[in-house]
Amino acid sequence: MNLTRKRITFIALLFSACIQSGCVMKKEKAEKDTIDREYVLNSKMTGYTGVGGDIDGVRNPVLRAKKGERVKITLINGELMAHDIVMEKLGLRSEPVVEEGDTAVIEFEALEDDVYFCSIPGHRQMMNGRFEIVESFEKTISDVGYSPRKNGKPLNLGFERASLADWKAEGSAFSAKSVAFDPAPWYPDSMELKQSGDYYVTSGGTNNYVATGVLTSETFEIAAPWASFKVTGGALEGTRVELVLAGQDTAFFEISGPVNVGHIAGKTQGVFRPVVVNLEPYMGKEMFIRLVDEETGKVPEIHYIGDNKWSHISFDDFRFHKERPEYVRELSPADIIILPERDVVEHAGLSGEEAVKAMTLPEGFSISLAASEPEITKPIAMAMDDRGRLWVVESHTYPVRAEEGKGGDQILIFEDTDGNGSLDSRKLFIDGLNLVSGIEVGFGGVWVGAAPYFMYIPIDETGDAPAGEPQILLDGFGYEDTHETMNTFKWGPDGWLYGTHGVFTHSRVGKPGTPDEERVGLNAGVWRYHPTRHEFEVFAHGTSNPWGIDFNDYGHTFVTVCVIPHLFHMIQGGRYFRQGGKHFNPYTYDDIETIADHVHWLGDSGPHAGNFRSAAAGGGHAHAGAMFYLGNEHWGLDRNSIFMNNIHGHRVNQDKISRSGSGYTASHGEDFILTNDSWSLWLNFQIAPSGSIFVHDWYDQNQCHNPNPDVHNKTLGRIYKISHKEDKWVKVDLSKKTDLELVELQLHENEWYVRHARRLLQERKAGGEVHQALWKILNENPDVTRKLRALWALHVTGGISEQQFLELLDNKDEYVRSWAIQLMAEDKKVPAGAVARLEQMAANDESALVRLYIASAVQRMDPAQCWTILENLCSHEEDFEDHNLPLIVWYALEPMVELDAQRAIDIAKEAALPNLLTYTVQRLGATEDKSAAMTILNKTRQELQAQDDLREDQAAAIAVIEQIASGGE
């Protein structure tokens, strides 16, 4: 059973019932059972860690119970990231925990061996463990073993001589003082270590973790088939115990310490853990022990990651055993996910010319320095006009907004006038702006995001200067976290201006003077603004801090993000996994997750700690920019690949996008460019008329946001031009093209021409022969991407009538049908004549993509039009495991509960999609009229209990109803 996709999300705290896969729940209300055995687990991306008792500090511990015992597992979230716990065979899943410190509980009867894991996509690999049925809990008795000997004398491998006798030290980490009796001076006095005997050795403990070195024992004969020792310290590649055969250098066994956080988190955190090693294959050979500490614990490049105080190794009591010893809290290499060694980045602090020489590009490509300091410093955003000129924002105010009227940001216009790759023309458009983070050009002006304002600056007839003062179109954009403000402006295929917004900045957006209750709340997601109707709306809520947005060949929206998994396909009306906080709609209950089947970081201490150690996975968690390369065919790039800048990996990542169900999946492709420079900080791309790419580089030693303005170097910045050897520079001015010439450009292989020409047609409100030419492309061109370009251009110029929309709903291509639905619902007034057709399509259209667009459109329709559509959408069993549809349908159904609860329940009872019934019951239980709600819920429970067989969601719904009836929340 694929619980990751099915997501049977009844809440274990809320429900006092256990759902068993393939079984029917008892209809009688279960009496509260006594808890016989209780476990507490701390959840992180590194794994579950036991809290208290024999599992204390053990990663993914084996949980045990006697058959028939009632077991309770409490989950405590150890970080700001969503986790849960699932019992695989039972089909039991806890409520997700999101905030650090959140708790969830599952209870069940121990019947058979099982596996527990986290169902959040991408988490199970590190977050899984075993549950075992045992007959007794008798304490393990271990063979005490004996010390290895050399020349008839026991070796000092337990350090009970209070010295480094029989050991050789190299480096600064080990000395006579390294052999200690008490925790101090190496650990806090309160720390419990539980070493064997009196003494142990450490490379520095938590108080001198910066020191590095190697400690090597005398060689000795392997005289027993088993050995044990004790270890503590950090779970790092560079802190480890090695067992090595004499005459060799490679270890036959190695293990690091068990601690996978960098700070001190309790007095028992550093307790020594026993390790058992099978020596039978090496009996009679000579060996030695080597303790290695290559870690300093410092990550100076990231100011908010403190030193790792566990960057050390502590060791004690190596012993031989005739039989395998058994220990409580035994540690094995499989229990530890090692943080890799730091990546080697060859360069830092280079000049622009030197930086270009240091980069690695694919064969056939080159990169040139188009502009650098002092001509450009701190370029935070850029756009391109219809002449191929770059409009670049210099951010001198960041990271602290200046007093009103005292901003220092400016917008520059750059142009390559002679085709040599250098932006030799530099003009100042405007200065004195404040905390600018986004820019786009069009409709006779410049669109600027400068929180709290969204502004429009008209351009004069020269094209180089303002025609008036900035006009504040919207205000209320937050800036409490100045690196999560509105950003990455881009014209969408539908004629709206799109942008993104971070999760830890809270905005209440409206036109100046709008009262708060009429403003739009936004703190993570994608928003859009219509340039002529002056309408603002949130396109989709969620994610983390997106700093990249682009549209693929089919017009679908994708964003790249930081910290959480890095790539999302954004659907209008969707709600997506959040880095933190809660959705504005409290009845969301669950959200849509990443399409990526991978992350770009390594290690077991969360995404931040993987920075500068994750080259093998793509570089790290932070991403900026997004680009589908829809330029020259001779580049040879997959048009279905999305490119993004990996900040801490100093490279351009590539994800390969593939259709799956109603949406997409993304797999890791080959990195496109390596800068090989730890100061490089590429932010975004612009495809040029030549098909080459411009990219702007913030270039700074400090890679991460810091509210201290003195941390950032304000004097550096670059713009590079990436070219293929077959690219040819062209001088263009699309504004001089005729309307029909702009129509012809909808067929151009380079998307730059397509997008700019479409926007110009929109500005001109072109019609007549333009519409005729576009309809000819839509009806006759065999390439669906060209059909879509014509469709979008027709829409933005008002060239599609109500009757033509109805005809488009019958188009044979799913992309055309789906886009016709979205465009038809744009103004939230779907023609009455289209409702019946949408009802039919919801029931019979074979395309999951089309059904997705219908579910999205329902959220914008008159509710009275939606009941049959929703009922039909809910009937598709084939959508049960779809990545998007179950939740998008729920988001459409949820507001209907308040309008007609009985009808909503009736639809949910028969739904073939997961969780809809449970969610609908929960939503009804949250209405203000509790009496009316309970009347419907009790009737629903009776109807369900009268059935011979219950689906899992129906059984779960009964449990929810019972809890609501008993006053539970």
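Residues numbered from 1 in each chain as written. Predicted model: local features only at pLDDT ≥ 70, side-chain atom pairs only at ≥ 80, totals over all residues. Heavy atoms only, no water.

Student: For this particular structure, what's the right way to read the overall build of the chain?
Tutor: Per the secondary structure count, the chain includes 18 helices and 49 strands. Relative to the 2.2 N^0.38 estimate, which gives 30 Å for 969 residues, the radius of gyration of the chain is 31 Å and therefore close to what a compact globule would have. Each principal axis of the C-alpha atoms in the chain carries an extent, and together these give about 100 × 75 × 50 Å. A buried classification covers 62% of the 969 residues belonging to the chain. Taking as baseline every contact in the chain between residues at least 6 positions apart, the subset at least 24 positions apart corresponds to 67%. (Helix = DSSP H or I, 4+ residues; strand = E, 2+ residues; numbered from the N terminus. Rg over C-alpha atoms; globule rule 2.2 N^0.38 Å. Buried < 20%, exposed > 50% of the residue type's maximum accessible area, 1.4 Å probe, protein only. Contact = heavy atoms within 4.5 Å.)

Student: Would you mind showing me how to read the packing of aromatic side chains here?
Tutor: Working definition: an aromatic ring pair is given by the centre-to-centre distance plus the angle between the planes. Taken as a whole and judged by the stated rule, the model has 50 aromatic pairs. With 4.9 Å between their ring centres and 80° between their planes, Phe-365 and Trp-635 make a pair best called edge-to-face. Remark: Trp-635 occurs in the loop between strand S42 (623-628) and strand S43 (641-646) and Phe-365 occurs in strand S23 (residues 365-372); sequence separation between them is 270 residues. For the pair Phe-489 and Trp-527, a centre-to-centre distance of 5.3 Å together with 85° between the ring planes defines the contact as edge-to-face. Within this pair, whereas Phe-489 is found in strand S32 (residues 487-491), its partner Trp-527 is found in strand S36 (residues 525-529), the two being separated by 38 residues in sequence. A relative accessible area of 6% means that Phe-489 is categorised as buried. Residue Trp-527 is classed as buried on the basis of its relative accessible area, which comes to 0%. Members of the aromatic cluster, joined through ring pairs, are Phe-443, Trp-447, Phe-454, Tyr-456, Phe-477, Phe-489, Trp-491, Trp-527, Tyr-529 and Phe-536. Sitting over the ring of Tyr-479, Arg-401 keeps its end group 5.4 Å from the ring centre. Over the ring of Tyr-664 we find Arg-659, and its NZ or CZ is 5.9 Å from the ring centre. (Phe/Tyr/Trp six-rings, centres within 6.5 Å; stacked < 30°, edge-to-face > 60°. Lys NZ or Arg CZ within 6 Å of the ring centre and 35° of its normal.)

Student: Hey, could you run me through the pattern of salt bridges in this one?
Tutor: Think of it this way: side chains of opposite charge can pair up when their charged atoms draw near. For the structure shown, the criterion picks out 55 salt bridges. Of the charged contacts in the structure, one is a salt bridge between Asp-385 and Arg-389, with a shortest N-O distance of 2.8 Å. With a relative accessible area of 3%, Arg-389 lands in the buried category. Sharing partners across several salt bridges, the network here consists of Arg-240, Glu-242, Asp-249, Arg-290 and Glu-294. (Salt bridge = Lys/Arg side-chain N within 4 Å of Asp/Glu carboxyl O.)

Student: Where do I start with the sheet that holds strand S48 (residues 693-697) in this structure?
Tutor: Strands pair in a sheet through their backbones, by hydrogen bonds, and they do so in one of two ways: parallel or antiparallel. The four strands lie next to each other as S23-S49-S48-S47, forming an open sheet whose pairing is antiparallel. Each of the sheet's edge strands pairs with one partner strand only, and the pair in question is S23 and strand S47 (682-687). With strand direction ignored, the average angle separating the axes of adjacent strands in the sheet is 25°. (Pairing = 2+ DSSP bridges. Axes fitted to C-alpha atoms, helices over the stretch in contact; angles between N-to-C directions.)

Student: How do you make sense of the sheet that holds strand S3 (residues 63-65) when you look at a structure like this?
Tutor: With mixed pairing, the five strands of this open sheet are ordered in space as S3-S9-S8-S5-S6. Looking at strand neighbours, the two that pair on one side only are S3 and strand S6 (92-93), the edges of this open sheet. Pairing analysis gives two bridges linking strand S5 (residues 86-87) to strand S8 (residues 114-117), with the strands arranged antiparallel. Following the sheet pairing, Met-87 is matched in S8 by Tyr-116.

Student: Can you walk me through the side chain of Asp-84 in this structure?
Tutor: For Asp-84, the location among the structural elements is in the loop between strand S4 (70-77) and S5. Residue classification places Asp-84 among the buried positions, given a relative accessible area of 0%. Separated by 2.7 Å, the side chains of Asp-84 and Arg-93 make a polar contact. Reaching out from Asp-84, the side chain makes a polar contact with the side chain of Ser-119 at a distance of 2.5 Å. Every residue in contact with Asp-84, bar those within four places of it in the chain, is listed here: Tyr-48, Leu-75, Arg-93, Ser-94, Glu-95, Pro-96, Phe-117, Cys-118, Ser-119 and Ile-120. (Polar contact = N/O pair within 3.5 Å; in protein donor to acceptor, adjacent residues only side chain to side chain.)

Student: Looking at this structure, how should I read the domain arrangement of the chain?
Tutor: Put simply, an interface is often sized by how much accessible area is lost when its parts join up. Taken domain by domain, the chain holds domain 1 (37-133), domain 2 (149-335), domain 3 (733-797) and domain 4 (801-966). Taking only C-alpha atoms into account, the centre of domain 1 sits 56 Å from that of domain 3. (Domains from an automatic or database assignment.)

Student: Looking at this structure, I do not really get the pairing of strand S2 (residues 47-50). What am I missing?
Tutor: One face of the sheet, then the other: side chains in a regular strand alternate in exactly this way. With four bridges joining them, strand S1 (residues 37-44) and S2 adopt antiparallel strand pairing. Paired with Ser-43 across the bridge in S2 is Tyr-48.

Student: Would you explain the pairing of strand S22 (residues 313-321) in this entry?
Tutor: In terms of residue burial, S22 counts as a mostly covered element, since eight of its nine residues are buried. Where strand S14 (residues 200-202) meets S22, two bridges bridge the pair, whose relative direction is antiparallel. Each residue of the ladder has a partner; that of Thr-202, found in S22, is Ser-314. Where strand S17 (residues 226-233) meets S22, seven bridges bridge the pair, whose relative direction is antiparallel. By the bridge assignment for S22, Ala-227 is matched with Phe-320.

Student: Explanation requested: the nonpolar core in the structure shown.
Tutor: Soluble, globular proteins show a tendency: their nonpolar side chains are buried together. In this structure, Ile-719, Leu-838 and Ile-854 are the most contacted members of the largest nonpolar core, which totals 158 residues. The contacts of Leu-838, once residues within four sequence positions are left out, are Leu-809, Ile-821, Met-824, Val-830, Ile-854, Met-861 and Ile-869. Counting 36 residues, the second largest nonpolar core, distinct from the first, contains Trp-167, Val-179, Phe-229 and Leu-291. (Core = buried A, V, L, I, M, F, W, Y, C linked by side-chain atoms within 4.5 Å.)

Student: Help me understand the packing of helix H17 (residues 930-945) against helix H18 (residues 952-965) in this model?
Tutor: For any two helices packed against each other, the geometry comes down to the angle between their axes and how far apart the axes lie. With their axes 10 Å apart at the nearest point, H17 and H18 run at an angle of 140° to one another. Taken together, the axis directions place H17 and H18 in an arrangement best described as oblique. Judged by the sense of rotation from one axis to the other, the crossing of H17 with H18 is left-handed. Side by side, H17 and H18 meet where Met-934, Leu-937, Asn-938, Thr-940, Arg-941, Leu-944 and Gln-945 of the first sit next to Gln-954, Ala-957, Ile-958, Ile-961, Glu-962, Ile-964 and Ala-965 of the second. (Parallel < 35°, antiparallel > 145°, perpendicular 65-115°, else oblique. Left-handed = near helix turned anticlockwise from the far one by under 90°.)

Student: Quick question: what am I supposed to make of helix H16 (residues 916-925) here?
Tutor: What sets the pattern is the α-helix's 3.6 residues per turn: residues three or four places apart point alike. Among the 10 residues of H16, 10 are classified as buried, and the element is accordingly described as predominantly covered. If you check which residues of H16 are buried, you get Leu-916, Leu-917, Thr-918, Tyr-919, Thr-920, Val-921, Gln-922, Arg-923, Leu-924 and Gly-925.

Student: What's the story with the environment of Phe-628 in this structure? I'm lost.
Tutor: By the secondary structure assignment, Phe-628 is in strand S42. Residue Phe-628 is classed as buried on the basis of its relative accessible area, which comes to 1%. A C-alpha to C-alpha distance of 9.9 Å links Phe-628 and Asp-655, two positions 27 residues apart in sequence. If near-sequence neighbours (up to four positions away) are discounted, Phe-628 is found in contact with Asp-550, Phe-551, Asn-552, Phe-558, Arg-639, Asn-640, Ser-641, Ile-642, Ile-657 and Ile-687.

Student: For this particular structure, what's the right way to read the environment of Val-889?
Tutor: Within the secondary structure layout, Val-889 lies in helix H13 (residues 885-893). With a relative accessible area of 0%, Val-889 lands in the buried category. Taking the C-alpha atoms as reference points, Val-889 and Cys-874, separated by 15 residues in sequence, lie 7.4 Å from one another. Leaving out residues up to four positions away in the same chain, Val-889 has contacts with Ala-855, Leu-870, Leu-873, Cys-874, Leu-913 and Leu-916.

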